[in-house]
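Coordinate analysis (summary)
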Amino acid sequence: MASITFRDGKYRVSIRKKDQDVSKTFSNKEDAELYSKWKEDLIDQIENFNPSPEELLTLDSAIDMKVEDAEKYGLDFRTISSLKGLKIHFSDDLHRSLNEFSYEFLLSKAKIFMQTEVKHGGNIAKGGNLKMPSVKTVMNRFRYLSTVLGYLNMNGFSFQNHSLAVLNYLNSLNKQE
C-alpha cells in the first residue's frame, strides 16, 4: 500500500507491499501519485514474473554447460568437437529458450538439414565438394543435441527431449535408404 505525505515542501511516497519497502521524495504531488501507482504496479508484475530456469536457459548456454562438463571429465576430442559443432548447425537458434524446441520445430530442422548441402572431402577450395548429407550425418547432430538435453535433465532441469523422437523418425528413414 502506498502513502503520500507532505513535509517541508516536498511529497514523500512510501510503499510497503509484498516484502518491499520503498520510499522516494518529489517536489510536486502529481509526480508522487504517478510514481506510487507505477511502483505498486511494478511490484505486482514482478511477483507474476517468475520464470523457471528451463524458460531462461538457451541452447547456447546449454551447449556450453555440456562442453565444459565433457572437458572436465576428459571426453575425447571428437566428441567435444561434435558438441561444439552444434553451435554451427543450430546457429540461428542459439538464443532460443530450450522450451521452444518442440518436436515439430526439431523435425522441421531435421528436414532442412536433409536438404542443405554439406562440405565433403576437405576444403572446397582445395578439392572438396558439396553434397547432400546422409541421414546418418543428420542423425549424429540430433544424437549430440539429445546428449546436451539429457545432461541437463540429469542435472536438475526438466526438459522433454524431443530430439529422441526426431532420432526415431530419422532412423526410420535410414532403414529405407
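The present account deals with the structure reproduced in this document. (Residues numbered from 1 in each chain as written. Predicted model: local features only at pLDDT ≥ 70, side-chain atom pairs only at ≥ 80, totals over all residues. Heavy atoms only, no water.)

So, about helix H5 (residues 103–114). Between its first and last C-alpha, H5 extends 16 Å over 12 residues, near the 16 Å set by a 1.5 Å rise per residue. Along H5, the residues classified as buried are Phe105, Leu106, Leu107, Lys109, Ala110 and Phe113. Among the structural elements, helix H4 (77–89), helix H6 (135–154) and helix H7 (162–176) are those in contact with the buried residues of H5. (Helix = DSSP H or I, 4+ residues; strand = E, 2+ residues; numbered from the N terminus. Expected span 1.5 Å × (residues − 1). Buried < 20%, exposed > 50% of the residue type's maximum accessible area, 1.4 Å probe, protein only. Contact = heavy atoms within 4.5 Å.)

With that out of the way, let us pick up the side chain of Glu40. With respect to the helices and strands, Glu40 occurs in helix H1 (residues 29–48). Look at Glu40 and you get buried, because its relative accessible area is 18%. Contact partners of Glu40, with chain neighbours within four places excluded, come to Met1, Ala2, Ile15 and Lys17.

Bringing the packing of H5 against H7 into the picture now. Where H5 contacts H7, the two axes come as close as 9 Å, and the packing angle between them is 45°. By the angle between their axes, H5 is oblique relative to H7. Handedness of the H5/H7 crossing: right-handed. Contact residues: H5 offers Tyr103, Leu106, Leu107, Ala110 and Lys111, while H7 offers His162, Ser163, Ala165, Val166, Tyr169 and Leu170. Class assignment for the residues of the contact of H5 with H7 results in 8 nonpolar, 2 polar and 1 charged. (Axes fitted to C-alpha atoms, helices over the stretch in contact; angles between N-to-C directions. Parallel < 35°, antiparallel > 145°, perpendicular 65-115°, else oblique. Left-handed = near helix turned anticlockwise from the far one by under 90°. Nonpolar A, V, L, I, M, F, W, Y, C, P; charged D, E, K, R; others polar.)

Right, let's talk about the packing of aromatic side chains for a bit. Going through the model one piece at a time under the given rule, you end up with 8 aromatic pairs. Look at Phe90 and Phe142: their rings are 5.9 Å apart centre to centre, the planes differ by 85°, and that puts the pair in the edge-to-face class. Note that Phe90 is positioned in the loop between H4 and H5 and Phe142 in helix H6, a separation of 52 residues in sequence. Measuring from ring centre to ring centre gives 6.0 Å for Phe113 and Phe142, while their planes differ by 55°; the resulting arrangement is tilted. Taken together, the residues Phe113 in helix H5 and Phe142 in helix H6 connect sequence positions 29 residues apart. The class of Phe142 is buried, set by a relative accessible area of 0%. Members of the aromatic cluster, each reached through a chain of ring pairs, are Phe26, Tyr35 and Trp38. (Phe/Tyr/Trp six-rings, centres within 6.5 Å; stacked < 30°, edge-to-face > 60°.)

Turning next to the sheet that holds strand E1 (residues 2–7). The antiparallel open sheet is built from 3 strands, whose spatial order is E1-E2-E3. The two strands at the open ends of the sheet, each matched to only one other strand, are E1 and strand E3 (20–26). Across the sheet, the mean angle from the axis of one strand to that of its neighbour is 15°, orientation sign disregarded. (Pairing = 2+ DSSP bridges.)

Attention shifts here to the pattern of salt bridges. As enumerated under the stated definition, the model contains 7 salt bridges in all. We note a salt bridge from Asp21 to Arg16, for which the minimum N-O separation is 3.7 Å. Each member of the pair, Asp21 as well as Arg16, is classed as exposed. Notably, a salt bridge pairs Glu100 with Arg96, separated by 3.0 Å at the nearest N-O pair. Here Glu100 falls in the partly exposed class, since its relative accessible area comes to 39%. Under the relative-accessibility criterion, Arg96 is labelled partly exposed at 24%. If you follow the salt bridges from partner to partner, you end up with Asp93, Arg96, Glu100 and Lys109 in one network. (Salt bridge = Lys/Arg side-chain N within 4 Å of Asp/Glu carboxyl O.)

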